[in-house]
Amino acid sequence: MTTIHLKSSFDEPSDSVREAAARGEVTIVAQADLTADILRAHKGLVTDNQLDQNAMLAMKDAIAAFLDAGGRWFFNGHFVRTLIDGAAQYRPIADPKRADFDLSSINPHPLFEGIDLKMLETNKGVAGFYGRGCNPLPEGAVAINGLGAANVPVDWVWARPKGGRIFSHAGNDLGSMGHEWNLAPELTRRIIAWTNGGACLDPWPLRPASAAEDLPLAPVESYGGLRMSSRKSGRIVAPTSGTYYHIRSLEGPAYTAIFDIICTPEQLSNVLQPDDVLWVPCRTPANRMIAQKGTILRHLQSGGTVVALGESRSDLWLPAIDFIGTPTNWWWWLDPSANLGVKVTDAAADHPLMRGIGDRDATWHLHGWFVPPEGATVLACDGEGRAILYEDAVSTRGRMIISSLDPMFHHGSHFMPATTRFLDRFVPNLKAYLDV
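Let me sum up the structure you'll find in this document. Every chain begins its residue count from 1, and numbering advances along the sequence as written. This being a predicted model, a pLDDT of at least 70 is required before a residue's local features are given, and a value of 80 or more before pairs of side-chain atoms are given or counted; all residues contribute to the totals for chains, interfaces and linings. Excluding hydrogens and water, the side-chain values take into account all heavy atoms of the structure.

1. A look at the nonpolar core
Here comes step 1: The biggest cluster of nonpolar side chains holds 82 residues, and the ones touching the most others in it are Leu111, Phe112, Leu120, Leu174, Phe259 and Trp279.
Here comes step 2: The helix and strand labels rest on DSSP assignments: H or I over at least four residues marks a helix, E over at least two residues marks a strand, and numbering proceeds from the N terminus. Broken down by element, this core gets its largest block of residues, seven residues, from helix H12 (residues 417-435).
Here comes step 3: Core analysis: the second largest hydrophobic core is formed by 23 residues, Ile4, Leu83, Ile84 and Ala87 among them. Joining through side-chain atoms within 4.5 Å is the link that ties buried Ala, Val, Leu, Ile, Met, Phe, Trp, Tyr and Cys residues into a set, and such a set is a nonpolar core. Relative accessibility under 20% of the residue-type maximum defines a buried residue, over 50% an exposed one, and the middle range a partly exposed one, all with a 1.4 Å probe and only protein chains included.

Here's what the structure looks like:
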């Protein structure tokens, strides 16, 4: 019996995870293949930021049984579905300042032994990647690391009364932290060791942390789940992969009114109609869209519209996409004189999709650029003049609105205000554009 590393993303796990698998310390399981029997046959579980929480919710009883039998679950990210009784919805720090992301120890845990938390607090000098809030502590859980003067418990461990333990890290994957110091492989090794039964808190501390109601946290939001629509035409259809950032962006109060249908990618063949708009959120695992490639092509050939946002590898499931990825520079703005160079084009000035969107609203960081087909309309470009947002009404009978920008991921993560500014304008612009 070993630990499951649950693979929810399109990309392969890190070298450290694959090396652990080769040593027999971890078993890599695609989330679509996870069953109650497979879970029961292992002692540990590691899940990442791309976890499909809708699919996991369907396995709630199996997860509880796994934990009741003494299993250990290392959870990265935000709880936005009630995957286990006693766990509460993630809440970010309200109106955070830089000092609110200072990282400090509350109760020492073996997983962090000998590691200077300052090496994890920032990534290339940028704070907020480690965490921006917390999954509030269940009763009996103990805070490990805290954020800011209030010690918001970004990390905690819970010995459940019925058995098993959960370690919650409410931020980007802990096994990806500390790259500047080459700490990521060691953190990954320690996570797997912990889920395999390694050292935890002993004795159990008497000092957990402040209750959530005493912390400077934003209010709980309401997420309505998947939904269909009684509308017969002109619908906006959004396939969700069940990640926390998709759930907040598609179901949260800011933008949910625009989406007539929120479904899984696997439901598209039974849902999509020719006059629908298919909105594919950023950072949708590409494998889930590749499986729908035929459905999407038929939709375009019948005159439909597709909006495909960044980091979803649209080049693998849409026609006529020529994409070149680049390493991401997210620390450029630390230099007051720096300019990422993003420009809204002259062609965008009169385009209804870009009404009210300026250079600053489309600037956070870049993941790559496109070579659009001749006749496409470039709406935004990078500092080299290369397309990062364009409309293609020439490659098919339909229309494709393509971008390498990833606003929904960051809005859903409560991270980078420019992404919310962009969506605040782009979402109503799209709705108005399609209603014309």
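2. Some points on helix H1 (residues 15-22)
Here comes step 1: Burial in H1 covers these residues: Ser16, Val17 and Ala20. The buried side chains of H1 occupy one side of the element, clustering within an arc of 100° when seen end-on.
Here comes step 2: Just downstream of H1 lies Gly24, where phi reads positive at about 85°. As used here, the arc is the angular range of directions from the helix axis to the C-beta atoms.

3. Overview of the pattern of salt bridges
Here comes step 1: Only one rule defines a salt bridge in this text: a Lys or Arg side-chain nitrogen within 4 Å of an Asp or Glu carboxyl oxygen. Counted by the stated rule, this structure contains 23 salt bridges.
Here comes step 2: Among the ionic contacts, a cluster of salt bridges with common partners joins Arg98, Asp102, Lys118 and Glu121.

4. A look at the packing of aromatic side chains
In this description, an aromatic ring pair is defined by two values, namely the gap between the centres and the angle between the planes.
Here comes step 1: Each Phe, Tyr or Trp ring, with Trp reduced to its six-membered ring, pairs with another whose centre is within 6.5 Å; inter-plane angles below 30 degrees give stacked pairs, above 60 give edge-to-face pairs, and intermediate values give tilted ones. Considering all chains together, one arrives at 16 aromatic pairs under this definition.
Here comes step 2: With centroids separated by 3.8 Å and ring planes inclined at 5°, the aromatic side chains of Phe75 and Phe79 adopt a geometry described as stacked. Each member of the pair, Phe75 as well as Phe79, carries the same accessibility label: buried.
Here comes step 3: Members of the aromatic cluster, joined through ring pairs, are Phe259, Trp279, Trp364, Phe422 and Phe426.
Here comes step 4: Two limits define a charge over a ring: the Lys NZ or Arg CZ must be within 6 Å of the ring centre, and within 35 degrees of the ring normal. Over the face of the ring belonging to Phe409 we find Arg283, whose NZ or CZ atom lies 3.8 Å from the ring centre.
Here comes step 5: The residue whose ring lies beneath Arg386 is Trp369, and the NZ or CZ to ring-centre distance is 3.6 Å.

5. Quick word on the sheet that holds strand S6 (residues 103-105)
Here comes step 1: Pairs of strands are assigned from DSSP output, requiring at least two bridges between the strands. An order of S2-S1-S3-S4-S12-S11-S10-S6 is seen for the eight strands of this open sheet, with the pairing classed as mixed. For this open sheet the edge positions go to strand S2 (26-30) and S6, each flanked by a neighbour on one side alone. In this sheet, adjacent strand axes meet at a mean angle of 20° when their direction is disregarded.
Here comes step 2: In this structure, S6 lies alongside strand S10 (residues 142-147), joined through three bridges in antiparallel fashion. Bridge assignment links Ser104 to a residue of S10, and that residue is Gly146.
Here comes step 3: Contact between two residues is taken to exist if any of their heavy atoms lie within 4.5 Å; hydrogens are not considered. Axis definition: a line fit to C-alpha positions, over the contact stretch in the case of helices; interaxial angles, taken between N-to-C directions, run 0 to 180 degrees. Across the sheet, helix H4 (residues 60-68) is in contact with strand S3 (44-47), strand S4 (72-76) and strand S12 (165-169); its angle to S4 comes to roughly 125°.
Here comes step 4: In the packing of helix H6 (residues 184-195) onto the sheet, the strands contacted are strand S1 (3-7), S2, S3, S4, strand S11 (152-159) and S12, and the crossing angle to S4 comes to about 145°.

6. With respect to unusual backbone geometry
Here comes step 1: At the junction of Asp202 and Pro203, the peptide bond is cis and its omega measures out at 5° in the coordinates.
Here comes step 2: Unlike most non-glycine residues, Arg313 shows phi in positive territory, near 50°.
Here comes step 3: Mapped onto the secondary structure, Arg313 falls in the loop between strand S16 (305-308) and strand S17 (323-325).
Here comes step 4: Note on Arg313: relative accessible area 36%, which makes it partly exposed.

7. Describing H4
Here comes step 1: What H4 keeps buried is the set Ala62, Ile63, Phe66 and Leu67. For H4, the arc enclosing every buried residue in end-on projection is 135°, short of the 170-degree limit, so these residues lie on one face.
Here comes step 2: Contacts from the buried residues of H4 go to helix H2 (36-40), S3, helix H3 (53-57), S4 and S12.
Here comes step 3: Positive backbone phi, at 100°, marks Gly70, one or two positions downstream of H4.

8. A closer look at the pairing of S4
Here comes step 1: Buried residues dominate S4, accounting for five of its five residues.
Here comes step 2: Burial along S4 is two-sided: Arg72, Phe74 and Asn76 facing one way and Trp73 and Phe75 facing the other are all buried.
Here comes step 3: Pairing between S3 and S4: four bridges, direction parallel. Bridge pairing links Gly44 to Arg72 in S4.
Here comes step 4: The pairing of S4 with S12 spans five bridges and is parallel. The residue bridging Phe75 from the neighbouring strand is Ser168, located in S12.

Everything listed here is a matter of coordinates, which is why it stays silent on function.
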